[in-house]
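Residue strings, one per chain:
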Amino acid sequence: MKVRELIGQGYLSWEKGEIITITAGTGKGKSDFIKKELYEKAKSEKEKILFFLHRSNTVNQFELELTAATKTDFITLKTYQAFQASLLSEEPLDLTEYKYIVCDEYHYFSSDSTFNKFTDIALNALLANQSKSVLILMSATNGFINSFLEEELSVQTKHYTIPISYDFVKSIEFYTKESELYNLLDYQLSNGIKTIIFMDSAKRSYEAYEKYNEHSMFVCSEGNTTYGAKMDKVKRDMLLKSQKFDDLFLFTTQTLDAGLNIVDDELDCIVADIADTDTLIQCIGRKRLVNDEDKVKLLIRNRTKAMLGEDSKKVKKKLKHATYLKEQGLQDYAKKFYRESDESQVVYYELNKEGYFELKVNELAYSQLIYKQNIIESIKETPNGYQQYIEELFGKSNTLLHDRYLDSQASQLLSDYCNKEIRIEKKASKLEFAASLNLRRGKDFAKTIKTINSELEKKQTPYRLVEIDSRTKGAGDKKAWLVKALVLQPNGSYLLM
């Protein structure tokens, strides 16, 4: 089902003062509904649409589409950031010029609130203008912001919802160490597998890109003062225009997640090193399906207990000032944090009507951090941690957690033992061999032939251990280990040679 089918003729009766939420996964036609059905209605009424987007890259893509369709007459595009800047200036944007105000990916108000201190100002301005417009809020991941509007701000909304399906996800695999990612990408490169790699910072994304720059492109926010200038603007513009990339790899950050479509049935894999699960969903949704056969494999960086602990510490640090002020009051806060400002800017100074500055809490940012903290704790309490949490989120089972490939030392060891047909006979020799492979099983390493083979299979390694009778004239250990190679047969099966 598409959004236009869900809403039907309902939009024809929308009136000023209403707040409409449209919840649907990427590729369900949220933006198309605005650019087609709502555009025609606004044009017939001679009314204007203000369309908010939260990345300049996305504005560029939409501008190209609207210009090509000659629909710039009744639709005005604006970034949230530009709107916020106008509110802080002496020339705020006049919202009363627009009957329809559309907030695309409106989870922006909450998701960006932890590093952008003005998102609540923009949201409050739109709500203050409620009686003069139809406010349309669209997102695939709006669980928190919806509850914040309804429970914290007592805002009434009319909901339209299409449940999200992840049938297009062929498989989910997890890796833990960043070095394992490069092993994967080496494999993708040698096999020509087209891949998007999302990372949580432009710095890490660019560093990874540099390792494969002959076969790759790099995209980040143009506003990034360090890495924005390192983008190939020609390639970036072609990506926006054609909605596909010619290179084998696209290295990017979550800035690509907002509204930009990738329509390419050759795109077979999405890698995501993104801690925030809502952002993860948005990133994965950038691929638009060409047909029912179009599938994608996900490779997601696993969040270990240690990583989750660090995530939790970071959130608690951002909450520290606001929590103390809320729980202990102004006087104790002033003593506790004498001459110490809140680096997270959740606590800030506001000029009141009497002309005095008072301490305030950015309630939107505060609630968003609490929401993040609750998710982290929920993941930590899940029996199999992050992997199980993601399985349940995507409705998948039998996902694979592995290092992907052996390190070079273990691979060489197996190759040598296989080629030289070295028997591993004594118990001490078997233990030494297993220790050298260092195939981790929790805090220890795999020691038995069964557990070693299990790990070798997970890592897609073309070697297995077999047991042979090594007795000579009745003497010696009954069972010895021998390394054998797996050889692919014409029928697709493997044979131990």
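A. Main features of the sheet that holds strand β1 (residues 19-23). Taken together, the six strands give an open sheet; going across it, the order is β3-β2-β4-β5-β1-β6, and neighbouring strands pair in parallel fashion. Lying at the two open borders of the sheet, with one neighbouring strand each, are β3 (75-79) and β6 (158-161). Strand-to-strand twist across the sheet, computed as the mean angle between neighbouring axes with direction ignored, equals 20°. Packed on one face of the sheet, helix α4 (residues 80-88) meets β2 (49-53), β3 and β4 (100-104) and runs near 80° to β3.

B. Expanded view of the packing of aromatic side chains. In this structure the tally under the stated criterion is 28 aromatic pairs. With a centroid separation of 5.6 Å and 45° between ring planes, the pair formed by Y206 and Y227 is classed as tilted. Within this pair, whereas Y206 is found in helix α9 (residues 202-211), its partner Y227 is found in the loop between β9 (216-219) and α10 (233-242), the two being separated by 21 residues in sequence. Taking relative accessible area as the criterion, Y227 reaches 14% and is therefore assigned buried. Within the aromatic cluster, the residues linked to one another by ring pairs are Y182, Y206, Y209, Y212, F218, Y227, F249 and F251. The aromatic ring of F62 is capped on one face by K35, whose charged end is 4.4 Å from the ring centroid. A cation over a ring is seen here: K447 above F445, with NZ or CZ 5.2 Å from the ring centre.

C. Seen up close, the pattern of salt bridges. For the coordinates displayed, the defined rule picks out 23 salt bridges. R286 is paired through a salt bridge with E105; the nearest N and O atoms lie 3.7 Å apart. Of this pair, R286 sits in the loop between α11 (277-284) and β13 (287-288) while E105 sits in the loop between β4 and α5 (108-111); the two residues are 181 residues apart in sequence, bridging distant segments of the chain. With a relative accessible area of 4%, E105 lands in the buried category. R303 is paired through a salt bridge with D311; the nearest N and O atoms lie 2.8 Å apart. Accessibility assignment for this pair places R303 and D311 in one class, buried.

D. Quick look at the nonpolar core. Judged by nonpolar contacts, the single largest core of 54 residues is most densely connected at F251, L298, I390 and F394. Counting residues per element, this core draws most heavily on strand β12 (residues 267-273), at five residues. In this view, F394 contacts Y166, I172, L280, I281, I284 and L298; residues no more than four positions away in its chain are not counted. Counting 28 residues, the second-largest nonpolar core is a separate cluster that includes Y39, L53, I75 and V102.

E. Expanded view of the packing of helix α12 (residues 305-336) against helix α13 (residues 363-381). Two elements in contact, α12 and α13, have axes separated by 10 Å at closest approach and are oriented at 145°. The interaxial crossing formed by α12 with α13 has left-handed handedness. Touching L308, D311, S312, V315, K316, K318, L319, A322, T323 and K326 of α12 are E363, Y366, L369, I370, K372, Q373, I376, E377, I379 and K380, all from α13. Tallied by class, the residues present in the contact of α12 with α13 amount to nine nonpolar, three polar and eight charged.

F. Region of the structure containing a nonpolar patch on the surface. Taken together, the side chains of Y349, L351 and F357 make up a nonpolar region of the molecular surface, amounting to roughly 400 Å² of accessible area. In this structure, L351 sits in strand β15 (residues 347-351). Taking the relative accessible area as the measure of exposure, L351 reaches 49% and is therefore partly exposed.

G. Quick peek at the side chain of Q84. Looking at the secondary structure, you find Q84 in helix α4. A relative accessible area of 4% places Q84 in the buried class. Side chain to side chain, Q84 and Y108 meet in a polar contact 2.5 Å long. Beyond its immediate sequence surroundings of up to four residues, Q84 is in contact with Y108, N116, F118, T119 and A122.

H. Main features of unusual backbone geometry. The phi torsion at T70 lies on the positive side, around 50°, for a residue other than glycine. Of note, T70 is situated in the loop between α3 (56-68) and β3. Positive phi values are uncommon outside glycine, yet S154 reaches one of about 55°. The topology assignment puts S154 in the loop between α7 (143-152) and β6.

I. Summary view of the environment of E180. Position of E180 among the secondary structure elements: in helix α8 (residues 178-191). Taking the relative accessible area as the measure of exposure, E180 reaches 5% and is therefore buried. Sequence spacing of E180 and C418 is 238 residues, and the spatial spacing of their C-alpha atoms is 24 Å.

J. Representation of the environment of V271 in the model. Mapped onto the fold, V271 is located in strand β12. Remark: the alpha-carbon pair of V271 and L299, spanning 28 residues in sequence, is separated by 4.7 Å. If near-sequence neighbours (up to four positions away) are discounted, V271 is found in contact with Y175, L181, L184, T195, I196, I197, F198 and L299.

Conventions used here
- Residues numbered from 1 in each chain as written.
- Predicted model: local features only at pLDDT ≥ 70, side-chain atom pairs only at ≥ 80, totals over all residues.
- Heavy atoms only, no water.
- Pairing = 2+ DSSP bridges.
- Helix = DSSP H or I, 4+ residues; strand = E, 2+ residues; numbered from the N terminus.
- Axes fitted to C-alpha atoms, helices over the stretch in contact; angles between N-to-C directions.
- Contact = heavy atoms within 4.5 Å.
- Phe/Tyr/Trp six-rings, centres within 6.5 Å; stacked < 30°, edge-to-face > 60°.
- Buried < 20%, exposed > 50% of the residue type's maximum accessible area, 1.4 Å probe, protein only.
- Lys NZ or Arg CZ within 6 Å of the ring centre and 35° of its normal.
- Salt bridge = Lys/Arg side-chain N within 4 Å of Asp/Glu carboxyl O.
- Core = buried A, V, L, I, M, F, W, Y, C linked by side-chain atoms within 4.5 Å.
- Left-handed = near helix turned anticlockwise from the far one by under 90°.
- Nonpolar A, V, L, I, M, F, W, Y, C, P; charged D, E, K, R; others polar.
- Patch = residues over 30% accessible without salt bridge, like charges linked within 9 Å, V, L, I, M, F, W, Y side chains within 5 Å.
- Areas by Shrake-Rupley, 256 points an atom, 1.4 Å probe, with all protein chains shown as cover.
- Polar contact = N/O pair within 3.5 Å; in protein donor to acceptor, adjacent residues only side chain to side chain.

Honestly, that's just the spatial picture; any functional story needs more than this.
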